[in-house]
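Residues per chain, in single letters:
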Amino acid sequence: MSAQITAEPASVSPQPPAGPARPAKTRKPRNPSARQMTWNAWLFLLVPGVLFVVFMALPIVMALVLSLTDYAIVGDFEWLGIQNYLDIAVDPFFWIALRNTAYYTLLYVPAGLVVALGTALLLNRRHRAVRLFRTLFYIPVVASTVATATIWFWMLNPQSGLLNVVLSWFGIDGPAWLYESQWAMIAIVMMSVWAGFGANMIIFLGGLQGVPGELYEAARLDGANAWQQFRYVTLPSLTRTTFLVSTLLIIGAFQVFDQAYVLTKGGPGNSTVTMVYYIYNKGFGALEMGYASALSFVLFLIILVFSLVNARLTNRRDA
């Protein structure tokens, strides 16, 4: 007879019911104090601030001081006060350079606006080929001015240049572009417009893509044709963009130098001597750094006046 063994359960002390699990303690990130944020901001501004002082503010102050002296790079300088500015007023070559620069500006700014806006209107479409043309039109902007001028020097050759060859197909005898005073500045303008309209085209494209489509839809419902949509919808919507582009064109026009230097050397007959070209000749040709510095500040004031006038006209048109 087998023995029957029964195991009694071990006595277990009663346990309290388990409560909700406590989340692990995590350290909250400390919020930087206002003082620390201020120091961080000044630290980030330190590098560009130093670069601005060294490469912008300091050269401007030095140029202003030099404009009041007779400094010729070699030798000592003589303090003249405002005599350089008085001499500019009676300098005949200054007025020739100013007249040529104004003539260039009157031709270049409207042509640059029309070509850039017209190209932007043509490329403001959703098509694969549009991206290719945008890239092609922007390539001259990143090309060096010397390379561009070399290409145009060949194209404007009076005997075998591409431009005169094309004109001959239509029975037109092309002029000697770079060797006749009445055509030399026009040739420089053509090259400048071709070389720089790509950047302004991109700016206009950004403005066009920001015009609400509802405006065009409402205009079409009112019976407006394509020209009326452009006049009453597109142009008013691009007021600020046009102001930006025109201001950049004016500043660039008064600072034109490379084209005249490479293509014509200021000729023929001083017809393409611009303000910056004259400043270059005075500073590095005649070694009259004081007089060249004074010319630079006069040019700065001229650009400032034209920019303010352009801003005033744009604000009136916008209002």
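Quick note: structure is the one above.
Residues numbered from 1 in each chain as written. Predicted model: local features only at pLDDT ≥ 70, side-chain atom pairs only at ≥ 80, totals over all residues. Heavy atoms only, no water.

Draft legend 1. Local environment of the nonpolar core. The biggest cluster of nonpolar side chains holds 53 residues, and the ones touching the most others in it are F94, Y104, Y108 and F204. Contributions of two or more residues to this core are made by α3 (92-123), α5 (145-155), α7 (181-209), α10 (239-254), α11 (258-263), α12 (275-285) and α13 (289-318). Per element, the largest residue contribution to this core is eleven residues, and it comes from α3. Those residues in contact with Y108, other than ones at most four positions away along the chain, are V189, S192, V193, L249 and A253. (Core = buried A, V, L, I, M, F, W, Y, C linked by side-chain atoms within 4.5 Å. Buried < 20%, exposed > 50% of the residue type's maximum accessible area, 1.4 Å probe, protein only. Helix = DSSP H or I, 4+ residues; strand = E, 2+ residues; numbered from the N terminus. Contact = heavy atoms within 4.5 Å.)

Draft legend 2. Structural view of the packing of α3 against α10. The contact between α3 and α10 brings their axes to 9 Å, and the two run at 150°. Where α3 crosses over α10, the handedness of that crossing is right-handed. Taken together, the residues of α10 that come into contact with α3 (itself represented by T101, Y104, T105, Y108, V109, G112 and L113) are T242, V245, S246, L249, I250, A253 and F254. Among the residues making up the contact of α3 with α10, the classes are represented as nine nonpolar, five polar and no charged. (Axes fitted to C-alpha atoms, helices over the stretch in contact; angles between N-to-C directions. Left-handed = near helix turned anticlockwise from the far one by under 90°. Nonpolar A, V, L, I, M, F, W, Y, C, P; charged D, E, K, R; others polar.)

Draft legend 3. Molecular detail of the packing of α3 against α7. Between α3 and α7, the least distance of the axes is 6 Å, while the angle of their chain directions is 40°. It follows from the interaxial angle that α3 and α7 lie oblique. Here the hand of the crossing between α3 and α7 comes out right-handed. Each residue belonging to the contact of α3 with α7 can be placed in one class, and the counts come to 22 nonpolar, five polar and no charged. (Parallel < 35°, antiparallel > 145°, perpendicular 65-115°, else oblique.)

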